[in-house]
Amino acid sequence: METTSSIKAITHESYLDLMLQYAFQEGFNFAVWRKPKSNQVEIIIDSEPVLRQGMPQLEELPAGFIAHNFEDGTSPSYFFLEAKEYYSLDLGTPVELEENHPFVENTTLSKTELQKLVREGIKKASKGLQVQETSKEDFIDQVQKGIDQINGGKLIKVVPAKIKKQELNENLDLSQTFLKLCESYPNAFINFVHSPAFGTWMGASPEVLIKTEGNTFSTMSLAGTQKAIGDNPLKTAAWTQKEIEEQALVSRYIVNSFKKIRLREYEEKGPKTVLAGNLLHLRSDFIVDMEATNFPQLGSTMLELLHPTSAVCGMPRQAALDFISANERFERTLFAGYFGPVNVQDATSVFVNLRTAQLMGDHAYLYAGAGITEDSIAEKEWEETEMKCDIIGRFFTKENK
């Protein structure tokens with residue numbers, strides 16, 4: 001009887017270390033993620049040096065991971081990592097690896113050597129990318145211009161963004177960081193994506209853009225932000241009229257998108273208060289039976305209609321896009337774009353890229369935006385974006401040892 005030797009019961013961190021060593025040594029693109037309320041970490045590796053680009057038609061794509069820039073969905077600005085290799089592990093059980101597993105072939109690096117390899121790979125992938133921190137003065141000026149345009153009737157809402165630069169912990173362990181994010185934010189989409197095409201990103205997004213599984217399509221409207229305070233913040237949260245209206249604007253945007261395609265049969269749940277890390281938001285969920293409505297391509301159709309949503313751009317959409325283009329001093333690239341697994345395990349889950357860090361050289365660049373309405377106060381919007389940046393930034397900074 002033949003026996004197969006194996007490496008038994010290695011830790012989840014060791015498994016991710018082996019994956020990183022394999023991917024960075026070979027120069028492969030990869031995406032690692034854990035869906036909200038799940039214990040399953042999923043990994044795809046794309047060995048092709050040039051990623052697929054173009055206009056996304058989700059239903060026609062093979063299994064993989066999509067990463068789309070912030071720009072309007074009508075522009076060909078997405079990258080697609082095809083699942084040339086797919087792996088998964090359950091965070092609730094030990095990992096067993098056979099000796100012939102691809103990750104096991106080169107296991108000679110120490111932890112220190114692996115961190116050096118990963119840091120060098122990140123630097124190489126960020127070569128040529130230029131990202132600049134946003135000053136408080138510039139951000140507040142942008143917010144005030146947005147308020148002025150709203151009061152002048154040119155905009156209903158706009159979402160200016162900023163970048164905060166933080167020095168990385170020199171001993172940063174990205175396997176540990178990913179697992180810490182999974183533990184800290186069980187209700188978020190935890191992600192770690194790397195490619196020379198767009199650099200290295202890691203974060204914990206709270207917002208589904210579109211999701212399809214079987215015949216069910218779903219999306220959500222998420223807006224309004226406040227700190228979670230006390231032992232039971234979901235019951236004690238109090239929302240201002242500004243925050244309630246901000247979330248209602250996003251919901252109306254989704255309903256209007258349904259009307260554009262003459263879709264009337266949908267279920268709406270909410271709004272309700274939800275917890276994302278130590279922040280609270282208002283959320284409504286929208287669900288459609290694609291078989292009953294005879295709309296099998298609803299995912300791609302709604303993706304084009306919704307992106308960028310009013311939660312990350314504003315209303316009217318084109319006027320808000322024009323304002324952002326004229327006033328923001330940086331390219332958002334993947335921030336406030338969307339990404340997620342496509343046709344993996346017979347499901348597609350695409351999330352808005354929020355609560356995210358772009359890793360470049362020895363720094364993390366943290367992105368955050370603030371929804372501006374006629375009731376906004378510029379200084380408070382700055383404080384809100386600082387709070388959003390700190391949620392993710394603390395996992396990467398020198399103090400996080």
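Worth saying up front: this structure is predicted, and the values here are computed from it rather than measured.

A. Focus on the nonpolar core. Residues Phe65, Phe198 and Ile210 are the most contacted members of the largest nonpolar core, which totals 75 residues. Contacts of Ile210, omitting those with residues within four sequence positions, involve Leu58, Phe217, Ser218, Gly299, Met302, Leu303, Leu306, Thr348, Ser349 and Val350. Leu18, Ile45, Leu97 and Leu179 belong to the second largest nonpolar core, which has 50 residues in total.

B. Representation of the environment of Glu246. Take Glu246: it is sitting in helix 6 (residues 241-260). Expressed as a C-alpha distance, the spacing of Glu246 and Ala223, which sit 23 residues apart in the sequence, is 6.3 Å. Non-local contacts of Glu246, meaning those with residues more than four positions away in its chain, are made with Lys157, Ala223, Gly224 and Gly371.

C. Here's a closer look at helix 9 (residues 378-393). The first and last C-alpha atoms of helix 9 sit 22 Å apart over 16 residues, in line with the 22 Å expected at 1.5 Å per residue. Taken residue by residue, helix 9 has Ala378, Glu381, Trp382, Glu384, Thr385, Met387, Lys388, Cys389, Ile391, Ile392 and Gly393 as its buried positions.

D. Just the side chain of Gln247, in detail. On the secondary structure map, Gln247 appears in helix 6. On the basis of relative accessible area, Gln247 is assigned to the buried category, the value being 3%. Of note is the side chain of Gln247, whose polar atom sits 2.9 Å from the side chain of Ser221. Of note is the side chain of Gln247, whose polar atom sits 3.1 Å from the side chain of Ser284. With near-sequence residues (within four places) excluded, Gln247 lies in contact with Ser221, Ala223, Pro271, Leu282, Arg283 and Ser284.

E. Just the pairing of strand 16 (residues 279-289), in detail. The element strand 16 is extensively covered by neighbouring structure, given that nine of its eleven residues are classed as buried. Sheet topology note: the strand 14 (residues 216-227)/strand 16 ladder contains ten bridges and is antiparallel. Within strand 16, the position partnered with Thr216 by the bridge is Asp289. Summarising the sheet, strand 15 (residues 267-276) and strand 16 pair through eight bridges and their orientation is antiparallel. Note that in strand 16 the partner of Lys272 across the bridge is Arg283. Linking two consecutive strands that pair antiparallel, namely strand 15 and strand 16, is a turn of two residues; a positive phi of about 70° is found at Gly277 within it.

F. Layout of the sheet that holds strand 7 (residues 85-90). Strand order across the open sheet formed by eight strands is 7-3-2-11-12-20-21-10, with antiparallel pairing between neighbours. What marks the edges here is a single partner per strand, and that holds for strand 7 and strand 10 (161-167). Going across the sheet, the axis of each strand differs from the next one's by a mean of 15°, ignoring polarity. One ladder, built from six bridges, connects strand 2 (residues 29-34) with strand 3 (residues 40-46); its direction is antiparallel. Pairing of Trp33 across the sheet is with Glu42, part of strand 3. Packed on one face of the sheet, helix 9 meets strand 10, strand 12 (199-205), strand 20 (356-360) and strand 21 (363-369) and runs near 135° to strand 21.

Reading the values: rules and limits
Residues numbered from 1 in each chain as written. Predicted model: local features only at pLDDT ≥ 70, side-chain atom pairs only at ≥ 80, totals over all residues. Heavy atoms only, no water. Core = buried A, V, L, I, M, F, W, Y, C linked by side-chain atoms within 4.5 Å. Buried < 20%, exposed > 50% of the residue type's maximum accessible area, 1.4 Å probe, protein only. Contact = heavy atoms within 4.5 Å. Helix = DSSP H or I, 4+ residues; strand = E, 2+ residues; numbered from the N terminus. Expected span 1.5 Å × (residues − 1). Polar contact = N/O pair within 3.5 Å; in protein donor to acceptor, adjacent residues only side chain to side chain. Pairing = 2+ DSSP bridges. Axes fitted to C-alpha atoms, helices over the stretch in contact; angles between N-to-C directions.

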